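Residues per chain, in single letters:
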Amino acid sequence: MAVYVVDHPLVRHKIGILRMESTSTSEFRSVSNEVARLLIYEATKGFRTEKHTVQGWAGPVEIEAISGKKVTVVPILRAGLGLMDGVLDMIPGAKISVVGLYRNEETLEPVEYYVKLASDMDQRLAIILDPMLATGGSLIATIELLKRHGCRQICSLNLVCAPEGIAKVEAAHPDVDIYTAAIDDHLNEQGYIIPGLGDAGDRIFGTK
Ligand code: U5P
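Residues numbered from 1 in each chain as written. Predicted model: local features only at pLDDT ≥ 70, side-chain atom pairs only at ≥ 80, totals over all residues. Heavy atoms only, no water.

## Topic: the pattern of salt bridges
Two side chains with opposite charge may pair up if their charged atoms get near one another. The tally for this structure, following the rule as stated, stands at 10 salt bridges. Its salt-bridge partner being arginine 12, residue aspartate 7 comes within 2.5 Å of it at the nearest N-O pair. Of the residues examined, aspartate 7 reaches a relative accessible area of 58% and is grouped as exposed. A salt bridge links aspartate 202 to arginine 78; the shortest N-O distance between them is 2.8 Å. Of this pair, aspartate 202 sits in helix α6 (residues 200-205) while arginine 78 sits in the loop between β4 (71-77) and α3 (81-90), placing them 124 residues apart in sequence. Judged by its relative accessible area of 32%, arginine 78 falls in the partly exposed class. When salt bridges with common partners are traced through the structure, they connect Lys70, Asp120 and Arg124 into a single cluster. (Salt bridge = Lys/Arg side-chain N within 4 Å of Asp/Glu carboxyl O. Buried < 20%, exposed > 50% of the residue type's maximum accessible area, 1.4 Å probe, protein only. Helix = DSSP H or I, 4+ residues; strand = E, 2+ residues; numbered from the N terminus.)

Given below as structure tokens:
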């Protein structure tokens, strides 16, 4: 498995905005999607293209088009929805496979409550979306669910990761790559990433 920390001035700047307590809900939402666009740009770097000749304004011209890549984005409800628009801006043809998990606040274990996947998961690259990779419980549960449905190519986009969560995912699913904007210091006793962004779902949806 590989963890790609997308190290770019725009990403570092935008993550700084997300870390500020004073950032409003609407700004948090739009900046999260901006970072998602930059992460998906990296995550799709290995896509293959095919040359075609088309009619251009000055005659025939050779262009490149992405060849044979079927994608499904997999937002983990509800915080993962906060990255979805940014990713779909770049891959508008992707199917959306929704996975609803909530975290039992006592055990910190993820509980499945809603799943609706694309029909041909075995033929698609699944890009899991969750702003935070904390204990890794939600991501591992989602990866296992996708693999049960035949998925063979899976990666994850996370704004911020905890080293503990990365280690857990790496041990359980070494075939899954992670694209992130930051690896933070540690998890606190409540399973929150420090320094982190706080509760990403609450910040995206304006709840408390
Ligand atoms: N979560 C946060 N902020 C944190 C830690 C966790 O919002 O600092 C939430 C995210 O919404 C994410 C879930 O969906 O918990 C991931 O937790 P885990 O299963 O990786 O522990």
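## Some thoughts on unusual backbone geometry
Residue leucine 77 is joined to arginine 78 through a cis peptide bond whose omega torsion reads -10°. Cis geometry is adopted by the peptide bond preceding proline 195, which originates at isoleucine 194 and carries an omega value of 0°. Along the polypeptide, proline 195 turns up in the loop between β13 (193-194) and α6.

## Quick notes on the layout of surface pockets
Computed from the structure, the largest pocket encloses a volume of approximately 610 Å³. The wall of the largest pocket is formed by 31 residues, among which Ala79, Arg103, Asp130, Ser138 and Asp199 lie closest to the centre. When residues of the lining of the largest pocket are traced back to their parent elements, those giving at least two are β4, β6 (98-103), β7 (110-116), β9 (132-133), α4 (137-148) and α6. Within the lining of the largest pocket, the residues separate by chemical class into 15 nonpolar, nine polar and seven charged. When its volume is computed, the second largest pocket comes out at roughly 260 Å³. The wall of the second largest pocket is formed by 15 residues, among which Glu21, Leu197, Asp199, Arg203 and Lys208 lie closest to the centre. Residue composition of the lining of the second largest pocket, by class: two nonpolar, seven polar and six charged. (1 Å grid on protein atoms, 1.4 Å probe; cavity = no way out; pocket = protein on both sides within 12 Å on 5 of 7 lines; lining within 4 Å. Points joined across faces, edges and corners; volume = space filled by probe spheres on them. Nonpolar A, V, L, I, M, F, W, Y, C, P; charged D, E, K, R; others polar.)

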